[in-house]
Amino acid sequence: MEKVYLSQLLKNITTPKNDCIVSSVEVDSRKIQKNSVFLAIKGERVNGENYAKSAVEKGACFVITENYINDISTEIQCTVENILDASITLGANFRDLYDIDVIGVTGSVGKTSTKDFIYTALSPFEKTVRSLGNHNNEIGMPQTIFTFEKDDKFAILEMGMSDFNDVHKLSVAAKPKYAVISCIGVSHLEKMKTQENILKAKLEICDGMDKDGVLVLNGDDEFLVNAEIKNPHNVKYFAIQNKNADVVAENIIQSGFSTTFTICDKKNGEFKCTIPTVGLHNVMNALSAYTVVTSMGFDPQKTTDNLSEYIPSGMRQKVVENNGVTFIEDCYNASPDSMRAAINTVCAIAKDRKICVFGDMFELGDNSSQMHFSIGEYAKNKGIDIMLCVGDNSKNICKAFGENSFHFETKKELGEYLKTIMQKGDTVVFKASRGMAFEEIIGMIY
């Protein structure tokens, strides 16, 4: 963390009795160093307030909590009504110290991949920082902001949500000059009830933007195409199907583990692009990156060439070959759209049997059973050979798939069975919501 005074960091929260230079802002007391600020987050399993005293003993210069801690001097602590809002305020105060253009990224599916594609396209031009992992909430986004350095020119910040006002707060803090919305899906339907509500919540990314900023939208998404955009004034669309979009992908050819296509840019012309991954969803992610980076004024040909260096992060479509079997680890998270994308990916690269190892999709609301059922139907129609599932809701995937589908009560049972049926030439994809912890199955296989 670069030099910042405690008084600057605590603006709009409190005025410290004794000012000092802050070394870091931590939410984990184990990472405390001298002159750290400790945010006592109250999580589902751990209450940071129980570690506030320990943080001070380790050298924290200031502690922020929701409840007063008797064992800590009043001069080095303050209480706030909402610790998560305080986290965002700290991030906003630090962000204001930097002359840096922020690109905000949100959407129901593909936020992290889009962020990584933008980084791949943009970072060769100028020094760029991006969200750490999937740090896209009130805690994670500020943690990325705290890594800003004076010579950074751009920052790509992922902005997630679970309810109204979440993206609003992140956008107002980050003040993006550019923003991308990947799509409006069905994730969070359990709480948000309708896709119209999800659209409204995602459009909150505009709330922190200047009117002269640029908003980049998925031109194949009916909700985004028909959305009323009041701010910013500049809106650009990318698409595959919608030929009226500003940037369109044509002549898409998937070969092995890469995809080649033509970027048809109405303003700048046509460019042949190759990305080292498969699936139309990744073509869309690459298009969004091209659209936002060229709208920033960077060379279209160089931007296109940069996209060829893309590397997936986390457990997103990581391809592994082991003993003649091709495995696709795509189990960071799951929704109906990303499940179908995973099925399409298997079909694009498989040379022999196609095996899906699927688990539950979470937060889909009242239509969850039908959405799982539709995935089974889709897989069957696409020619998947074997379907293996675990999880209560995934029983509906097996029900729709029918013959050659197998449901298991535990991940261990599924993993053991998979090991008995695999043969050289198979392609196996793992896909489920993050809470299913499918890496445990992967760890059993290779």
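Shown above is the structure to which this text applies.
Quick caveat, the model's predicted, so the values are computed rather than measured.

### Describing the side chain of Arg-95
Of note, Arg-95 is situated in helix H3 (residues 83–95). Here Arg-95 occupies a buried position and makes no salt bridge, while the nearest side chain of opposite charge, Asp-96, is found at 5.0 Å. A polar side-chain atom of Arg-95 sits 2.8 Å from the main-chain carbonyl oxygen of Ile-100.

### Observations concerning the sheet that holds strand S11 (residues 247–255)
Spatially, S6-S7-S5-S8-S9-S10-S11-S12-S13 is the arrangement adopted by the nine strands of the open sheet, whose pairing is mixed. With one partner strand each, in any of the chains shown, strand S6 (128–130) and strand S13 (269–275) form the two edges of the open sheet. Across this sheet, the average inter-strand angle for adjacent strands is 20 degrees, counted without regard to direction. Judged from the two bridges that link them, strand S10 (residues 234–239) and S11 form a sheet pairing that is parallel. Bridging from a neighbouring strand, Phe-238 pairs with Val-247 of S11.

### Considering the pairing of strand S3 (residues 62–65)
Residues Phe-62 and Ile-64 line one face of S3 and the alternating positions Val-63 and Thr-65 line the opposite face, and both faces are buried. By the bridge criterion, three bridges tie strand S2 (residues 36–39) to S3 in an arrangement that is parallel. Looking at the pairing, Phe-38 lines up with Val-63 of S3. A crossover links S2 with its parallel partner S3, the connecting element being helix H2 (residues 52–57), and its sense is right-handed. Looking at chain direction, S3 and strand S4 (residues 77–79) are connected through three bridges and run parallel. The residue bridging Val-63 from the neighbouring strand is Gln-77, located in S4.

### Remarks on the sheet that holds S2
Ordered in space as S1-S2-S3-S4, the four strands form an open sheet in which the pairing is parallel. Either end of the sheet is taken by a strand with one partner, and the two such strands are strand S1 (24–26) and S4. Averaged over all adjacent pairs, the angle separating strand axes in this sheet is 15 degrees, with direction ignored.

### A word on the pattern of salt bridges
Summed over all chains, the structure comprises 20 salt bridges. With a shortest N-O distance of 2.9 Å, Asp-337 and Arg-340 are connected by a salt bridge. Within this pair, Asp-337 and its partner Arg-340 are both found in helix H12 (residues 336–349), separated by three residues, close to a single helical turn. A residue is classified by how much of its surface remains accessible, and Asp-337, at 35% relative accessible area, is partly exposed. With a closest N to O distance of 3.6 Å, Glu-416 and Lys-419 form a salt bridge. Of the two residues, Glu-416 and Lys-419 both sit in helix H15 (residues 411–421), three residues apart, roughly one turn of that helix. Among the residues examined, Glu-416 registers a relative accessible area of 36% and is labelled partly exposed. Residues participating in the shared-partner salt-bridge network are Lys-115, Asp-116, Arg-130 and Glu-158.

### Observations concerning the nonpolar core
Counting 77 residues, the largest nonpolar core has Leu-9, Val-37, Ile-64 and Phe-358 as the members making the most contacts within it. Excluding anything up to four places from it in sequence, Val-37 contacts Leu-6, Leu-9, Val-22, Ser-24, Val-25, Glu-26, Cys-61, Phe-62 and Ile-64.

### What about the packing of aromatic side chains?
Under the criterion given, the structure shown has eleven aromatic pairs. Each ring, one from Phe-154 and one from Phe-298, has its centre 5.8 Å from the other, and the planes form 75 degrees; the classification is edge-to-face. Placement of Phe-154 in strand S7 (residues 154–158) and of Phe-298 in the loop between helix H10 (280–295) and helix H11 (300–306) is noted, with a sequence separation of 144 residues between them. Pair check on accessibility: Phe-154 and Phe-298 agree, each one buried. Sitting over the ring of Tyr-98, Lys-150 keeps its end group 4.2 Å from the ring centre. Above the plane of the ring of Phe-164 lies Lys-200, whose end atom (NZ or CZ) is 5.6 Å from the centre.

What counts, and at which threshold
Residues numbered from 1 in each chain as written. Predicted model: local features only at pLDDT ≥ 70, side-chain atom pairs only at ≥ 80, totals over all residues. Heavy atoms only, no water. Helix = DSSP H or I, 4+ residues; strand = E, 2+ residues; numbered from the N terminus. Buried < 20%, exposed > 50% of the residue type's maximum accessible area, 1.4 Å probe, protein only. Lys, Arg positive; Asp, Glu negative; His and termini not counted. Salt bridge = Lys/Arg side-chain N within 4 Å of Asp/Glu carboxyl O. Polar contact = N/O pair within 3.5 Å; in protein donor to acceptor, adjacent residues only side chain to side chain. Pairing = 2+ DSSP bridges. Axes fitted to C-alpha atoms, helices over the stretch in contact; angles between N-to-C directions. Right-handed = clockwise from strand over helix to strand, strands pointing away. Core = buried A, V, L, I, M, F, W, Y, C linked by side-chain atoms within 4.5 Å. Contact = heavy atoms within 4.5 Å. Phe/Tyr/Trp six-rings, centres within 6.5 Å; stacked < 30°, edge-to-face > 60°. Lys NZ or Arg CZ within 6 Å of the ring centre and 35° of its normal.

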